[in-house]
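Below are the chains, spelled out letter by letter.
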Amino acid sequence: MPIRTVRFDELTTRELHDLLHLRQSVLVVEQASPYPDLDGRDPDALHLIATRPGAPAPVGCARCFGPGADGTTAFGRLVVHPSERRTGLGRELVAASLAHLAERWPGHDVVIGAQLYLERFYGSFGFRRVSEVYDDGGIPHIEMRLGR
């Protein structure tokens, strides 16, 4: 499935609307997690957008960030539309995110906030848990790290 990498200022208003709609539909409504998805970080992110040819809107997305104050890179807000689950798209988005981060910022560890139930999934990419369970929007999360 095609995955495009787009800077925030390259998104059309329609693309931005469709990305935010997908994230809200899954992360807020479906998961019954009333949290502030619009966290002010989208303008600083590189957005990965998965589309199915002929589909009117994206079916998956993620956003990537360069090194923060602690020197680690990150990706997050990884979402797969319900119609595309169990197709491997989630794995494709993680792999594309990791490839982008490694290409753009080689040698930096990657730290993510993962929903607890996805620990094995992210572990299959080499991530390991580095925190206790914490609540994020009513959903148990853990911090995971890839690297040293």
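Quantities reported herein were computed from a predicted structural model and do not represent experimental measurements. Numbers given to residues run from 1 along each chain, matching the order in which its sequence is written. Only residues with pLDDT of 70 or above have their local features reported here, since the model is predicted, and side-chain atom pairs are shown and tallied only from 80 upward, although totals for entire chains, interfaces and linings are computed over all residues. Note that the side-chain values use all heavy atoms of the structure and ignore hydrogens as well as water.

Caption draft 1: Region of the structure containing unusual backbone geometry. The backbone phi angle of Arg77 is positive, close to 50 degrees, even though this residue is not glycine. At Arg86, a residue that is not glycine, the phi angle is positive and equals roughly 65 degrees. To qualify as a helix, a DSSP run of H or I must reach at least 4 residues; to qualify as a strand, a run of E must reach at least 2; elements of each kind are numbered from the N terminus. Note on placement: Arg86 falls in the loop between β4 (74-80) and α2 (89-104). By relative accessible area, Arg86 is classed as exposed at 88%. We call a residue buried when its accessible area falls under 20% of the maximum for its residue type, exposed when it is over 50%, and partly exposed in between, using a 1.4 Å probe and counting protein chains only.

Caption draft 2: Quick peek at the sheet that holds strand β3 (residues 60-65). At least two DSSP bridges between two strands are needed for those strands to be called paired. Read across the sheet, 4 strands follow the order β1-β2-β3-β4 without closing on themselves; strand pairing throughout is antiparallel. What marks the edges here is a single partner per strand, and that holds for β1 (3-7) and β4. Between one strand and the next, the sheet's axes are offset by a mean angle of 20 degrees, whatever the strand orientation. Sheet topology places β3 next to β4; 5 bridges connect them, and they run antiparallel. Its bridge partner being in β4, Cys61 is matched across the sheet by Val79. Residue contacts are counted whenever heavy atoms from the two residues lie within 4.5 Å of one another. Lines fitted to C-alpha atoms define the axes here, with helix axes fitted over just the stretch in contact, and angles between the N-to-C directions of these axes take values from 0 to 180 degrees. Along the sheet face, helix α1 (residues 13-30) touches β1, β2 (46-50), β3 and β4 and points at about 80 degrees away from the line of β4. Sitting on the sheet, α2 is in contact with β1, β2, β3 and β4, with an inclination near 160 degrees to β4.

Caption draft 3: Expanded view of the packing of aromatic side chains. Stacked, edge-to-face and tilted are the three classes for Phe, Tyr and Trp ring pairs, Trp counted by its six-membered ring, which pair at centre distances within 6.5 Å; planes under 30 degrees apart are stacked, over 60 edge-to-face, the rest tilted. Using the criterion set out here, one finds 5 aromatic pairs in the structure. With centroids separated by 6.2 Å and ring planes inclined at 50 degrees, the aromatic side chains of Phe75 and Tyr122 adopt a geometry described as tilted. Residue Phe75 is found in strand β4, and its partner Tyr122 is found in helix α3 (residues 119-123); the two are separated by 47 residues along the sequence. Note on accessibility: Phe75 and Tyr122 belong to one class, buried. Considering the side-chain rings of Phe121 and Tyr122, the 5.1 Å spacing of their centres and the 70 degrees angle between planes classify their relative orientation as edge-to-face. Here Tyr122 falls in the buried class, since its relative accessible area comes to 8%.

Caption draft 4: Geometry of the nonpolar core. Take the buried residues of types Ala, Val, Leu, Ile, Met, Phe, Trp, Tyr and Cys, join any two whose side-chain atoms come within 4.5 Å, and each joined set is a nonpolar core. By size, the foremost hydrophobic cluster in this structure holds 20 residues, and its most contacted members are Phe75, Val110, Ile112, Tyr122, Phe127 and Met144. Those elements that place two or more of their residues in this core are β2, β3, β4, α2, β5 (110-115) and β8 (139-146). Considering each element in turn, this core owes the most residues, 5 residues, to α2. Counting residues in each nonpolar core, the second largest holds 10 residues, with Leu19, Leu22, Val26 and Leu27 among its members.

Caption draft 5: Layout of the environment of Asp136. Relative to the helices and strands, Asp136 resides in strand β7 (residues 134-136). Along the primary structure Asp136 and Tyr117 are separated by 19 residues, whereas in three dimensions their C-alpha atoms are 13 Å apart. Ignoring sequence-local partners within four residues, the contact set of Asp136 consists of Ser33 and His141.

Remember that the coordinates give geometry; whether it matters functionally is a separate question.
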